[in-house]
Structure formats: structure tokens, C-alpha cells
Amino acid sequence: MSPTAGRVEVICGSMFSGKTEELIRRVRRAVIARKRVQVFKHSLDDRFGGSGRISSHDDSHVTAVQIANTDLLPGLLHPDTTVVAIDEAQFFDSDLLATVETLANRGLRVMVAGLDTDFRGEPFGMIPVLMAVAEEVTKLNAICTVCGEAASRTQRLVNGKPAHVNDPVILVGASESYEARCRAHHELRRDL
């Protein structure tokens, strides 16, 4: 692949918006195109059968390597890899930006998927920064569980109630802990 062919693609949105499903779709299309693809995900994500794959909520999946730090990723790449996919990118450290940029500058297509905002509705991890440097950004919406409109927020629930604004940012979970919500129905507890 020529150095000018490298690119960064970011797929983002709230939980249940189809980010991983879209990443898997792009990975499968790259494989059909006979590209050498490697998929990575953060080791914090142990949902849907744990290590060894990324899975969407509808149980589509592809093989993946779990890593805890982005500095491990370059050493795991095969020399003939042309496409790198990274899921749950919001969990990675700030070195993710340099790693993604380096890979794209070497001519690789780098696809990154993750939450753009946390349960508070605030920018999450390196996703907003990656959105700024990407050649392509796809922002997906889910369906609000309250009104059925487009949902851009992730509502965290604790015992069926909205999470407190001071709760920890990272809590890995699925429908037992989170719902998709629109701006009007996204709530945070602020009581003591």
C-alpha cells in the first residue's frame, strides 16, 4: 500500500447505536476485498464471550486480539497487514492518537469505533480527538428507550435509576446497566 493510501475512519455514537456492528461490516468487506485485516479491542471489554473476538449486541462477531495498552499494538501487527480495526477505543490511553496516526502515515487503513461521550454526556477518551484528525467520521444514533426518537446519549442506570454525576466514568456493561436516550430524556442524579 502506498503512503498516500493511509486513512483514519472513526465510527462513534452512544451505546446500542450499532458502532461495533458497523465496524464488523467494514472488516468483513475488507476481507472480501482480500485485504489483510487485524482487529483489536481493549481488554476491559469482556462482554459477549470475553476475549478473542468483538461482538455486537446482535451477536455478529469477528476474531480480535485483546490489549490493555496501545503501545502493544504495533508489535502485534503482521508485516502484510493493510487494515487495522480497533473497537472500544474510548478505553485506550492517550497514546492511541500517536499509534493511529503512525499507522495511517505508513499507509494503513485504520478503523476506530467507540463511544464519543460518556454516561454524563461529556467527551469520552480519545474518540473526540480522533474524530478531529480522521478522514471519515460516522456518528450513529440509537433509539431512545423513552420516546423512540434518535438517541445520541448513553443513560447509565443503577438499580433502575439514573446514575449519579459523580459515579465512576468506566463501568463495563450492556442493557442491564445502560439505555440509549435522546438529549431530552438523558438524566443524571445530582443529589447527595
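In this report, the structure presented in the accompanying data block is examined. All residue numbers refer to positions counted from 1 along the written sequence of the respective chain. Confidence filtering applies because this is a predicted model: local features only for residues at pLDDT of at least 70, side-chain atom pairs given and counted only at 80 or more, and all residues used for totals across whole chains, interfaces and linings. Note: side-chain values were computed over all heavy atoms of the structure, leaving out hydrogens and water.

A closer look at the packing of aromatic side chains
Aromatic ring pairs are reported here in terms of the distance separating the ring centres and the angle at which the planes meet. What counts as a ring pair is set by centres within 6.5 Å for rings of Phe, Tyr and Trp (its six-membered ring), and what kind of pair is set by the plane angle: stacked under 30 degrees, edge-to-face over 60, tilted for all other angles. Scanning all chains against the criterion turns up one aromatic pair. Charge over a ring is defined by NZ of Lys or CZ of Arg lying within 6 Å of the ring centre and within 35 degrees of the ring normal. In this structure, Arg156 packs its charged tip against the face of Phe119, placed 4.0 Å from the ring centre.

Focus: the sheet that holds strand S5 (residues 65–67)
Strand pairing requires that DSSP identify at least two bridges connecting the strands. Each helix corresponds to a stretch of at least 4 residues labelled H or I by DSSP, and each strand to a stretch of at least 2 residues labelled E; elements are numbered beginning at the N terminus. Sheet architecture is open: six strands sit in the order S5-S2-S6-S7-S1-S8, paired in parallel fashion. Strands with a single pairing partner mark the edges of an open sheet, and in this sheet they are S5 and strand S8 (136–140). Adjacent strand axes in the sheet meet at a mean angle of 20°, parallel and antiparallel pairs treated alike. Relative to strand S7 (residues 109–115), strand S1 (residues 7–13) runs parallel, the two being bridged by seven bridges. Across the sheet, the residue bridging to Val8 is Val110, located in S7. The sheet strands contacting helix H1 (residues 19–32) are S1, strand S2 (37–42), strand S6 (83–87), S7 and S8, and the helix crosses S7 at an angle near 165°. Each axis is a line fitted through C-alpha atoms, and for a helix only the stretch in contact is used; angles between axes span 0 to 180 degrees, taken between their N-to-C directions. We call two residues in contact when some of their heavy atoms are within 4.5 Å.

Some remarks on the pattern of salt bridges
Pairs may arise between side chains of opposite charge once their charged atoms sit close together. The rule for a salt bridge is simple: a side-chain nitrogen of Lys or Arg has to be within 4 Å of a carboxyl oxygen of Asp or Glu. Enumeration over the complete set of coordinates arrives at 11 salt bridges. In this structure, the salt-bridge partner of Glu179 is Arg181, at a minimum N-O distance of 2.8 Å. For every residue, the accessible area obtained with a 1.4 Å probe (protein chains only) is divided by the maximum for its type, and the residue is called buried under 20%, exposed over 50%, and partly exposed between those limits. The exposure class of Glu179 is partly exposed, given its relative accessible area of 23%. Assessed through its relative accessible area of 7%, Arg181 is described here as buried. The structure contains a network of salt bridges with shared partners spanning Arg7, Glu9, Glu22, Arg25, Arg26, Arg109 and Glu136.

Details of a nonpolar patch on the surface
A cluster of nonpolar side chains, contributed by Val65, Leu72 and Leu76, occupies part of the molecular surface with about 220 Å² of accessible area. You can see Leu76 is positioned in helix H2 (residues 73–76). On the accessibility criterion, Leu76 (36% relative accessible area) is partly exposed. Each patch is built from residues that are more than 30% exposed by relative accessible area and take part in no salt bridge. Like charges join if they lie within 9 Å; nonpolar side chains (Val, Leu, Ile, Met, Phe, Trp, Tyr) join within 5 Å. Note that accessible areas follow from Shrake-Rupley with a 1.4 Å probe, and for residues the cover is restricted to the protein chains shown.

Some thoughts on the sheet that holds strand S12 (residues 161–162)
Taken in spatial order, the three strands of this open sheet run S12-S11-S13, and their pairing is antiparallel. Looking at the sheet topology across the chains shown, the edges are occupied by S12 and strand S13 (178–181). Where strand S11 (residues 153–158) lies against S12, two bridges are found, and the strand directions are antiparallel. Across the sheet, the residue bridging to Leu157 is Pro162, located in S12.

Section: the pairing of S1
Taking burial as the measure, the seven residues of S1 include six buried ones, the bulk of the element. In this structure, S1 lies alongside S8, joined through five bridges in parallel fashion. For Glu9, the partnering residue across the bridge sits in S8 and is Glu136.

Here's the deal with H1
Take the residue count of a helix, subtract one, and multiply by 1.5 Å to get its expected span. Given a rise of 1.5 Å per residue, 14 residues ought to cover 20 Å, and the 20 Å separating the end C-alpha atoms of H1 matches this to within 8%. By the burial criterion, the buried members of H1 are Lys19, Thr20, Glu22, Leu23, Ile24, Arg26, Val27 and Ala30. Arg34 occupies a position one or two residues after H1 and carries a positive phi of about 65°.

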